[in-house]
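Chain residues, written in single-letter form:
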Amino acid sequence: NQALSKVGAARIIDLLDDTKNARILNAIFEVKRDAELAAHPWTFAIKRAEIPALSTAPAFGWLNSYPLPSDFLRLIEVGNETNLYDTDSGARFQVEGGSILCDEASPLQIRYVYRVTNTGLFSALFVEALACRLAAEIAEELTQNLSKREAAWAERKQAIAEARRTNAIERPPQRSQPTSWE
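As the structure is a computational prediction, the values presented were derived from the model and not from experiment.

A. Structural view of the pattern of salt bridges. Scanning the entire structure with this criterion turns up eleven salt bridges. A salt bridge links Arg133 to Glu36; the nearest nitrogen and oxygen atoms lie 2.5 Å apart. Note that Arg133 is positioned in helix H3 (residues 124-143) and Glu36 in helix H2 (residues 20-39), a separation of 97 residues in sequence. Each of the two residues, Arg133 as well as Glu36, counts as buried. Notably, a salt bridge pairs Asp71 with Lys47, separated by 2.5 Å at the nearest N-O pair. In this pair, Asp71 is assigned in the loop between strand S2 (64-67) and strand S3 (72-78) and Lys47 in strand S1 (residues 46-51), connecting sequence segments 24 residues apart. When its relative accessible area of 14% is taken as the criterion, Asp71 is described as buried. In the salt-bridge network here, residues are joined through shared partners; they are Lys6, Glu128 and Glu155.

B. How the structure looks around unusual backbone geometry. Each neighbour pair has its own omega, and for Ser106 with Pro107 the value is 0°, a cis peptide bond. The topology assignment puts Pro107 in the loop between strand S6 (99-102) and strand S7 (108-114). Not every positive phi belongs to a glycine, and Gln144 is a case in point at roughly 55°. We classify Gln144 as exposed; its relative accessible area is 61%.

C. Structural view of the environment of Leu4. Looking at where Leu4 falls in the secondary structure, it is placed in helix H1 (residues 2-6). Remark: the alpha-carbon pair of Leu4 and Leu134, spanning 130 residues in sequence, is separated by 8.3 Å. Leave out the neighbours within four places in its chain, and Leu4 touches Ala9, Ala10, Arg11, Ile12, Asn21, Leu25, Ile138 and Leu142.

Rules behind the numbers
- Per-chain numbering applies: the sequence of each chain, read as written, is numbered from 1 onward.
- pLDDT decides what is reported in this predicted model: residues at 70 or higher carry local features, side-chain atom pairs at 80 or more are listed and counted, and totals for whole chains, interfaces and linings draw on all residues regardless.
- The basis for the side-chain values is all heavy atoms of the structure; hydrogens and waters are excluded.
- Criterion for a salt bridge: a side-chain nitrogen of Lys or Arg within 4 Å of a carboxyl oxygen of Asp or Glu.
- For helices the rule is a DSSP run of H or I covering at least 4 residues; for strands it is a run of E covering at least 2, with both sets numbered from the N terminus onward.
- The buried label goes to any residue with under 20% of its type's maximum accessible area, the exposed label to any with over 50%, and the partly exposed label to all in between, with areas taken from a 1.4 Å probe on protein chains only.
- Here, two residues are considered to be in contact whenever any of their heavy atoms come within 4.5 Å of each other.

See the structure below:
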């Protein structure tokens, strides 16, 4: 309903209502929720797991293959405290074909963004960002107004900035790699 309000459209009672607005939102809600969750490491959507290696090693290049969790959306870190790689640091792993390929011994420790389906766990700032994303996606179809779509994307950008300021989105400490001088 926040998304509908942002574009000036009539509110709904349920996503399964037999109205144009409900049908449009129902068709995109899960995909856009997952996209918004995966776009940033929201603190409420981070999980840890230890994954056993698959019995079949990759054909080449890596020693082990680990299956991605069923609720996986985005990888944040791989490895334990002494051998930790985050996704922004030139990591020594690869996500490929529904698996994490790496040379780490089993079980593989990971931190990842997971698919949160319980809306009660959503932070208020995530709800705002998701409402803006949904509004941007439905604006043109419901209102034939491109400026409402652009306004919703701009509002989402502000919501993400606010989330960063209030630590609803946190980045783990960045570990620097030793240089040749060190």
